[in-house]
2 protein chains.
Amino acid sequence: MTKVNVGRKILSANETYALKNSELLTQQGNRCFNMISSPGSGKTTLLVRTISDLAGALKIGVIEGDIQTDIDAQRIRATNAPAIQIITEGACHLSAAQVHQALQKLPLNTLNLLFIENVGNLVCPSSFELGEDGKIVVLSVAEGDDKPVKYPAIFAKSKVLLVNKIDLLAGAMVDFNIERVKADARRLNKDIEIFPVSARTGEGMQAWYDWLKGQIAKS
Amino acid sequence: MTKVNVGRKILSANETYALKNSELLTQQGNRCFNMISSPGSGKTTLLVRTISDLAGALKIGVIEGDIQTDIDAQRIRATNAPAIQIITEGACHLSAAQVHQALQKLPLNTLNLLFIENVGNLVCPSSFELGEDGKIVVLSVAEGDDKPVKYPAIFAKSKVLLVNKIDLLAGAMVDFNIERVKADARRLNKDIEIFPVSARTGEGMQAWYDWLKGQIAKS
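Quick caveat: nothing in here was measured; it's all calculated off a predicted structure.

J.: Now, about the overall build of chain A: what can you tell me, with residues and values included?
T.: Helix and strand content of chain A: 8 helices and 7 strands. Taken over the C-alpha trace, chain A has a radius of gyration of 18 Å; the compact-globule value for 219 residues is 17 Å, and the two agree within 12%. With the C-alpha coordinates of chain A rotated into their principal frame, the extents come out at 65 × 45 × 35 Å. Considering only residue pairs separated by 6 or more positions, chain A has 74% of its internal contacts joining residues 24 or more positions apart.

The structure is reproduced here in structure tokens:
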């Protein structure tokens, strides 16, 4: 049998929606980042502080993914930013189709930056493109410094690593060697930007904000 | 068409292996607990301390599940307990078939307690029975007190909730209302045993050890 190369990649349903999302976001002039981490690394707190501190400079919207509850979307809306909650009812990651529906409900033409806060899970969400411009992995220092070697995929695929809760490093409350994390993450991904931050105290957040503003300037 | 009820549940491949594992463990007189949590809640540190503190009282073996590396099995073996590492190479949970293979490599007839430390993931592992006598969910206080309502399945299915890293509650380093966690977990699961512990300082561990000893006495 002769194989005919039709010169076209067959896209999965998820990839098809991811492509649609990407086209829509580009058309509307929105940069979009897909935020991925374990449960409890502080993604929502990071977003709340980022939105508040950058109010006036950037117009930010959020899509929240959770297994259950709309607690996170409520926290975002308290900053006056628009937020759409996706409740996955058990599913361990967001799909591009779910994000596609949520995009219809956001005032994209008034925004320049969209964050998708994925379901808290350091494993599964890394395999599903949502149409984002890049992934951002968040690691809390309370989780330990062995996470890049133990969960390499998301560190290999992310544009940015936010090492959060660095206020807990004071007084040696947790055992965490940040140089080990940086070296291991860069071994997996030489281009990854790494920002040690505390969303609670604000320490280190400025460098992250400068990076975000640089991303908007580029688009 | 007439439906004929053959009065037999068709088991999935995973359930078939889970049943085999359960039979083997019962035959060998081993109690087995499947430990599930987010990455970095302190499962391995909890096991290392439990094994060391109970040396002489209980003979404990461990099956370690990780996406990559055998760091955790090495940590367990340093206590002289037998440990088998399963590397899932990307898979987000352990399967009963993987555990079945690991069981062949453990000296089960010399043990009375087996822990399976699942892949760090608060979502997927809760859906896969491994043949255990019960699930143990670990939640670090650094992860926040909204986790039972946001990730209900594992709290609903577990025999025990270990609230770990309670040493971080000192000095209000983290915002965590343990009474909220207890109430939310018990709303999902009225029989769940809850032990606030610090695997780092040893605080609260005795109640957990007493519970474990009670489980062995029963078997």
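Still to come is the rest of the account.
J.: Tell me about the sheet that holds strand β2 (residues 60–66) of chain B, and please be specific about residues and values.
T.: Residue and element names in this part refer to chain B. Spatially, 7 strands are ordered β3-β2-β4-β1-β5-β6-β7 in an open sheet, and the strand pairing comes out parallel. At either margin of the open sheet sits one strand with a lone partner, and together these are β3 (83–87) and β7 (193–196). In this sheet, adjacent strand axes meet at a mean angle of 20° when their direction is disregarded. Across 5 bridges, β2 lies against β3 in parallel orientation. Bridging across to β3, Gly65 finds its partner in Ile86.

J.: Account for the sheet that holds strand β6 (residues 160–164) of chain A, with residues named and values stated.
T.: All names here are of chain A. Taken in spatial order, the 7 strands line up as β3-β2-β4-β1-β5-β6-β7 in an open sheet, and their pairing is parallel. Two strands lie at the open edges of the sheet, namely β3 (83–87) and β7 (193–196), each paired on one side alone. For this sheet, the mean angle separating the axes of adjacent strands, direction not counted, is 20°. Contacts between helix α2 (residues 43–53) and the sheet are confined to β1 (31–37), β2 (60–66), β4 (113–117), β5 (134–140) and β6, with β4 contributing the most and set at about 165° to the helix.

J.: Run through the nonpolar core, naming residues and quoting values.
T.: Of all hydrophobic cores here, the largest spans 120 residues; its most connected members are Ile116 of chain A together with Ile116 of chain B. Dropping the residues within four chain positions of it, Ile116 of chain A is found in contact with Cys32, Asn34, Met35, Ile63, Gly65, Leu94, Val99, Leu130 and Glu132 of chain A.

J.: Give me the lowdown on the relation of the copies chain A and chain B, citing residues and values where you can.
T.: By a simple turn and slide, chain A fits onto chain B: the slide is 0.0 Å along the axis, the RMSD is 0.0 Å, and the turn is 180°. In the structure described here, the two chain copies are related by an operation that fits a two-fold rotation axis. By residue overlap, the copies meet face to face through one surface: 100% of the interface positions of chain A are interface positions in chain B.

J.: Give a description of the pairing of β1 of chain A that names residues and reports values.
T.: Residue and element names in this part refer to chain A. Among the 7 residues that make up β1, 7 are buried, leaving the element largely enclosed by the rest of the structure. The side-chain alternation of β1 yields two buried faces, one formed by Arg31, Phe33, Met35 and Ser37 and the other by Cys32, Asn34 and Ile36. Of the pairings in the sheet, the one linking β1 to β4 comprises 5 bridges and is parallel in character. Looking at the pairing, Arg31 lines up with Leu113 of β4.

J.: Can you lay out the interface of chain A and chain B for me, pointing to particular residues and giving the numbers?
T.: With 30 residues of chain A at the contact, the number on the chain B side is 30 residues. Contributions of two or more residues to the side of chain A that touches chain B are made by α5 (147–150) and α6 (152–157) of chain A. A per-element tally of the side of chain A that touches chain B places α5 of chain A first, with 3 residues. Tallied by class, residues from the side of chain A that touches chain B come to 15 nonpolar, 9 polar and 6 charged.

J.: I'd like a description of the confidence of the model for chain A, backed by residues and values.
T.: Scored by pLDDT, chain A comes out at a mean of 94, with 95% of its residues at no less than 70. The complex model carries a pTM of 0.92, and its ipTM stands at 0.88.

J.: Outline unusual backbone geometry, supporting the account with residue identities and numerical values.
T.: Residues and elements named next belong to chain B. At Asn80, a position not held by glycine, the phi torsion is positive, near 75°. Its place among the elements puts Asn80 in the loop between α3 (71–77) and β3. Its 10 C-beta neighbours within 10 Å are what place Asn80 among the exposed residues. The phi dihedral of Lys165 is positive, around 65°, even though this residue is not glycine. Examined against the element boundaries, Lys165 turns out to sit in the loop between β6 (160–164) and α7 (178–188).

J.: Please set out the packing of helix α1 (residues 13–27) of chain B against helix α4 (residues 96–104) of chain B residue by residue, giving values where relevant.
T.: Residues and elements named next belong to chain B. Here α1 crosses α4 at 30°, and the two axes come no closer than 8 Å. Between α1 and α4, the angle is such that the two are roughly parallel. Here α1 runs over α4; the crossing is left-handed. Here Ala13, Asn14, Tyr17, Ala18, Lys20, Asn21 and Leu24 of α1 lie close against α4, whose contacting residues are Ala96, Ala97, Val99, His100 and Leu103. The residue makeup of the contact of α1 with α4, split by class, is 8 nonpolar, 3 polar and 1 charged.

J.: Can you break down the environment of Leu106 of chain A residue by residue, with the values?
T.: Residue and element names in this part refer to chain A. For Leu106, the position within the fold is in the loop between α4 (96–104) and β4. For the pair Leu106 and Ala170, spaced 64 residues apart in sequence, the C-alpha to C-alpha distance is 40 Å. Residues in contact with Leu106, not counting those within four places in the same chain, are Gly61, Pro82 and Ile84.

J.: Explain the pairing of strand β1 (residues 31–37) of chain B residue by residue, including any values.
T.: If a strand is regular, its side chains alternate between the two faces of the sheet. Pairing between β1 of chain B and strand β5 (residues 134–140) of chain B: 5 bridges, direction parallel. Bridge pairing links Phe33 of chain B to Gly134 of chain B in β5 of chain B.

Calculation rules
- Residues numbered from 1 in each chain as written.
- Chains lettered and ligands numbered in written order.
- Predicted model: local features only at pLDDT ≥ 70, side-chain atom pairs only at ≥ 80, totals over all residues.
- Helix = DSSP H or I, 4+ residues; strand = E, 2+ residues; numbered from the N terminus.
- Rg over C-alpha atoms; globule rule 2.2 N^0.38 Å.
- Contact = placed C-beta atoms within 7 Å.
- Pairing = 2+ DSSP bridges.
- Axes fitted to C-alpha atoms, helices over the stretch in contact; angles between N-to-C directions.
- Core = buried A, V, L, I, M, F, W, Y, C linked by C-beta atoms within 7 Å.
- Buried ≥ 20, exposed ≤ 12 C-beta atoms within 10 Å, placed from the backbone.
- Least-squares fit on C-alpha atoms with pLDDT ≥ 70 in both.
- Nonpolar A, V, L, I, M, F, W, Y, C, P; charged D, E, K, R; others polar.
- pLDDT = per-residue confidence, 0-100.
- Parallel < 35°, antiparallel > 145°, perpendicular 65-115°, else oblique.
- Left-handed = near helix turned anticlockwise from the far one by under 90°.

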